[in-house]
Structure formats: C-alpha cells, structure tokens
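Here's the letter readout for the chains.
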Amino acid sequence: MTITKLATCKSCGAKIVFLKTTSGKFIPVNYESVLENKIASYEIFNSKKHTSHFATCPNASKHRKHGVSPK
Ligand SMILES: [Zn+2]
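Per chain, the residues get numbers from 1 upward, laid out in the order the sequence is written. Totals for whole chains, interfaces and linings use every residue, but because this is a predicted model, local features are given only for residues with pLDDT of at least 70 and side-chain atom pairs only at 80 or more, for both listing and counting.

Colleague: Give a description of the overall build of the chain that names residues and reports values.
Modeller: Numbering of helices and strands runs from the N terminus, with a helix taken as a DSSP run of H or I at least four residues long and a strand as a DSSP run of E at least two residues long. A tally of helices and strands in the chain yields two helices and five strands. Seen in sequence order, the chain has helices and strands lined up from the N terminus as β-β-β-β-β-α-α. Expressed as a percentage of its 71 residues, the buried residues of the chain come to 15%. Considering only contacts in the chain between residues 6 or more positions apart, those separated by 24 or more positions represent 35%. Exposed residues have 12 or fewer other C-beta atoms within 10 Å of their own C-beta, buried residues have 20 or more, and partly exposed residues fall in between, where C-beta atoms are placed from the backbone. Our contact criterion uses C-beta atoms placed from the backbone: two residues qualify when those atoms are within 7 Å.

Take a look at the structure:
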C-alpha cells in the first residue's frame with residue numbers, strides 16, 4: 001500500500017511528493033521525477049528513478065535542522 005502526499009517544499013517552494021521508502025520512511029521527492037507520461041506514478045521510492053528533494057533543494061541544510069536525519 002502506498003500513501004502519497006502532494007506538498008510544497010517549505011524552503012524553496014518546489015512541488016514535491018512524499019514517497020515511502022523500502023524502510024518504511026517517507027521522503028520528499030521532486031514531483032517531476034514521479035511523472036510517467038505526464039501522469040504521476042506513486043510507488044515505493046526508487047533511487048534509480050526518483051530524485052530525492054534533499055539532493056536538489058537549495059535549502060536542504062534547513063531540512064536536516066528540522067530533524068530529518070538520513071540513516
Ligand atoms: Zn526545497
């Protein structure tokens with residue numbers, strides 16, 4: 001079961017979605033990277049396919065200060 005939330009990054013205003021990882025955590029992913037043929041495909045996060053917003057957010061360091069710690 002996949003639960004997805006469409007959201008906007010509070011730091012930079014980018015459109016993001018939360019995808020579940022195989023470890024059961026939700027991480028912010030760039031909305032564009034979940035699009036397939038212009039349709040958003042919500043599935044388990046796949047690092048080969050999806051782009052973590054942490055990697056591209058210009059304010060990623062602020063995310064980490066808010067308690068999102070990578071394992
Ligand atoms: Zn951002």
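Next, the rest of the story.
Colleague: Describe the pairing of strand β2 (residues 15-20), with residues and values.
Modeller: Two strands are counted as paired when DSSP detects at least two bridges linking them. As paired elements, strand β1 (residues 5-8) and β2 share four bridges and run antiparallel to each other. Within the sheet, the bridge partner assigned to Thr 8 lies in β2 and is Lys 15. Note: β2 against strand β3 (residues 26-30), five bridges, orientation antiparallel. Among the inter-strand pairings, Val 17 is bridged to a residue of β3, identified as Val 29.

Colleague: Let's hear about the nonpolar core: which residues, and what values?
Modeller: Core analysis: the biggest nonpolar cluster contains seven residues, these being Cys 9, Ile 16, Val 17, Leu 19, Val 29, Val 34 and Phe 45. Looking at this core, the element that brings in the most residues is β2, giving three residues. In this view, Val 29 contacts Ile 16, Val 17, Leu 19, Val 34, Phe 45, His 50, Thr 51, Ser 52 and His 53; residues no more than four positions away in its chain are not counted. Residues enter a nonpolar core if they are buried, belong to Ala, Val, Leu, Ile, Met, Phe, Trp, Tyr or Cys, and are joined to the set through C-beta atoms within 7 Å.

Colleague: Describe the sheet that holds β2, naming the residues involved and giving the relevant values.
Modeller: If you trace the three strands from one edge of the open sheet to the other, you get β1-β2-β3, paired in antiparallel fashion. A strand with exactly one partner marks an edge of an open sheet, and here the two such strands are β1 and β3. Averaged over neighbouring strand pairs, the angle between their axes works out to 40° when direction is ignored. All axes here are fitted lines through C-alpha atoms, helices being fitted over the stretch that makes contact, and every angle between N-to-C directions spans 0 to 180 degrees.

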